[in-house]
Amino acid sequence: MKKEIVFGPSVQGSLRMAQYIGVGKCPDFMICDIKDENGNVPESIKKLNAENVEKWNNARPIGGKAEDIICLEFSLEYGDISEKTPGKKRYESITNMINTMYPKDCHQELSEEWVSGIRKKNRAYLKVLKEAMENDDDIRVWYSCSPNEINAFYWLMYFLDSKEHYTNISTMFLPPDYWNGKYYCSAWGELGPEYWFDTLRLERMMSQAEIRTCSARWKELRKENAYLRLMVGGKLISLNEEFLDGFIRDALSKMPETFKIAQLVGTVMGECGLMLGDMPVFEGVYRLIQRGELELMEEWNESPMRTSVKKNND
């Protein structure tokens, strides 16, 4: 039995579909039944459906079962990582990030429910991982240089090292700008399920020395316990708020005098190449508002991303 470890629900969903894609008939959920006002399926939809059927029929499954997938969602790229195993402080970091983007006065208990769900799933998946280690099952880890995945990978190596578990560990590292035959991608969440089979050639076994080296680096990062951790120059390093703020200011220089926060966040995410999610970037924009570099043009909307701001050139 081989356990598959991924680091986010979107990757988990893609891997699950990659396990069985191409087996049997193309499922109904891949077929769109949108019709026009005359009750006919538009040609564009027919073309899309034909492409999906062809995609399904030509795909090769990687095999496995849903219960073989372990999805750990710790978001270790930002916030406190001082704990050996992500716990109270880690979930407080996630909660604070959510509350910045989704204020409690508009969204009430959103962050509590969100984080409670993450904590419950992580607890269950960690139990499955420990059982797999005790049973000496094969463990395959899917990761890339995306901030979420690379940080989780280093933590996992630290976890394995702390348990002195070094056997039957393999990795599936997706290199930056991986070409799948149609487009480039840099993280597993960007790769369609039909392309996963071809990546199996990337699998390699981890040695005890490699696990210990990654573990040692995570110990250093825990000690530094910085605001942010990203791959820079091929190495995972600790960074302060100003690193991200610099990218936000560069993007800000290209914006009109007045704009929606979402425009700035989208520009940073699309152009800076950091592969960060929207919440850390939004928090950086919020810091600029607090410092007076941006001025609110209206009260916070229920979705702060849609709030208008203007540059403060004073």
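My aim in this report is to walk through the structure given alongside it, one point at a time.

Criteria and thresholds
- Residues numbered from 1 in each chain as written.
- Predicted model: local features only at pLDDT ≥ 70, side-chain atom pairs only at ≥ 80, totals over all residues.
- Heavy atoms only, no water.
- Helix = DSSP H or I, 4+ residues; strand = E, 2+ residues; numbered from the N terminus.
- Buried < 20%, exposed > 50% of the residue type's maximum accessible area, 1.4 Å probe, protein only.
- Contact = heavy atoms within 4.5 Å.
- 1 Å grid on protein atoms, 1.4 Å probe; cavity = no way out; pocket = protein on both sides within 12 Å on 5 of 7 lines; lining within 4 Å.
- Points joined across faces, edges and corners; volume = space filled by probe spheres on them.
- Nonpolar A, V, L, I, M, F, W, Y, C, P; charged D, E, K, R; others polar.
- Polar contact = N/O pair within 3.5 Å; in protein donor to acceptor, adjacent residues only side chain to side chain.
- Axes fitted to C-alpha atoms, helices over the stretch in contact; angles between N-to-C directions.
- Parallel < 35°, antiparallel > 145°, perpendicular 65-115°, else oblique.
- Left-handed = near helix turned anticlockwise from the far one by under 90°.
- Pairing = 2+ DSSP bridges.
- Phe/Tyr/Trp six-rings, centres within 6.5 Å; stacked < 30°, edge-to-face > 60°.
- Lys NZ or Arg CZ within 6 Å of the ring centre and 35° of its normal.

Notes on the environment of methionine 1
Here's step 1: Relative to the elements of secondary structure, methionine 1 occurs in the segment before strand S1 (2-6).
Here's step 2: Given the relative accessible area of 66%, methionine 1 is considered exposed.
Here's step 3: Between the C-alpha atoms of methionine 1 and alanine 132, which are 131 residues apart in sequence, the distance is 9.0 Å.
Here's step 4: Not counting the four nearest positions on each side in its chain, methionine 1 is found in contact with Asp68, Asp137 and Asp138.

Comments concerning the layout of surface pockets
Here's step 1: The volume enclosed by the largest pocket comes to roughly 630 Å³.
Here's step 2: Lining the largest pocket are 25 residues, and of these Ser10, Glu77, Asn148, Met275 and Gly277 sit closest to its centre.
Here's step 3: Listing elements by their share of the lining of the largest pocket, those giving two or more residues are helix H1 (9-20), helix H5 (110-134), helix H6 (147-162) and helix H10 (278-290).
Here's step 4: Split by residue class, the lining of the largest pocket holds 13 nonpolar, seven polar and five charged.

Side note on unusual backbone geometry
Here's step 1: In the Ramachandran plot, aspartate 136 falls in the positive-phi region, its phi being about 60° despite a non-glycine side chain.
Here's step 2: Structurally, the position occupied by aspartate 136 is in the loop between H5 and strand S3 (138-144).
Here's step 3: Aspartate 136 gets classed as partly exposed once you look at its relative accessible area, which sits at 39%.
Here's step 4: Positive phi outside glycine occurs at asparagine 225, with the angle close to 45°.
Here's step 5: On the accessibility criterion, asparagine 225 (27% relative accessible area) is partly exposed.

Brief notes about the side chain of asparagine 49
Here's step 1: Positionally, asparagine 49 belongs in helix H2 (residues 43-58).
Here's step 2: A distance of 2.8 Å separates the side chain of asparagine 49 from the backbone nitrogen of cysteine 32, its partner in a polar contact.
Here's step 3: Setting aside chain neighbours within four positions, we find asparagine 49 in contact with Met30, Ile31 and Cys32.

Quick word on the packing of H5 against H6
Here's step 1: In contact at an axis separation of 12 Å, H5 and H6 are set at 50° when each is read in the N-to-C sense. Classed by the angle they form, the pair H5 and H6 counts as oblique. As for the relative orientation of H5 and H6, their crossing is right-handed in sense. The residues of H6 that touch H5, namely those facing Leu126, Leu129, Lys130 and Met133, are Trp155, Leu156, Phe159 and Leu160.
Here's step 2: Considering only residue class, the contact of H5 with H6 consists of seven nonpolar, no polar and one charged.

A look at the sheet that holds strand S7 (residues 203-205)
Here's step 1: The strand order across the open sheet formed by five strands is S2-S1-S3-S4-S7, and the pairing between neighbours is mixed. Across the chains shown, the open sheet's two edge strands, defined by having one partner strand only, are strand S2 (69-71) and S7. Direction aside, neighbouring strands of the sheet carry axes that sit 25° apart on average.
Here's step 2: Against the sheet, H5 contacts S1, S2 and S3, and its axis sits at roughly 135° relative to S2.
Here's step 3: Contacting S1, S3 and strand S4 (169-174), H6 crosses the sheet at an angle of about 150° to S3.

A closer look at the packing of aromatic side chains
Here's step 1: Summed over the entire model, instances satisfying the criterion amount to 13 aromatic pairs.
Here's step 2: Taking the centre distance of 5.2 Å and the plane angle of 70° together, the rings of phenylalanine 74 and tryptophan 155 count as edge-to-face. Separated by 81 residues along the polypeptide, phenylalanine 74 in the loop between S2 and helix H3 (88-101) and tryptophan 155 in helix H6 bring together distant segments of the chain.
Here's step 3: On the numbers, 5.8 Å between centres and 90° between planes, the contact of tyrosine 183 with tyrosine 195 is edge-to-face. Here tyrosine 183 is found in the loop between strand S5 (178-179) and strand S6 (184-185), whereas its partner tyrosine 195 is found in the loop between S6 and S7, with twelve residues between them in sequence.
Here's step 4: Tyrosine 183 sits in the partly exposed class, given a relative accessible area of 30%.
Here's step 5: Between the NZ or CZ atom of arginine 119 and the centre of the ring of tyrosine 91, over which it lies, the distance is 4.8 Å.

Brief notes about the pairing of S1
Here's step 1: Among the five residues of S1, four are classified as buried, and the element is accordingly described as predominantly covered.
Here's step 2: Pairing between S1 and S3: four bridges, direction parallel. The partner of glutamate 4 across the bridge, within S3, is arginine 140.
Here's step 3: Inspection of the sheet shows S1 paired to S2 by three bridges, in the parallel sense. When the bridges of S2 are listed, valine 6 appears paired with cysteine 71.

What to know about the sheet that holds strand S11 (residues 294-296)
Here's step 1: Pairing within the open sheet is antiparallel, and its three strands lie in the order S10-S12-S11. Two strands bound the open sheet, and with one partner strand each, they are strand S10 (258-260) and S11. Here the average twist between neighbouring strands, direction ignored, is 35°.
Here's step 2: Relative to strand S12 (residues 308-311), S11 runs antiparallel, the two sharing three bridges. Bridge pairing in S12 links leucine 294 to lysine 311.

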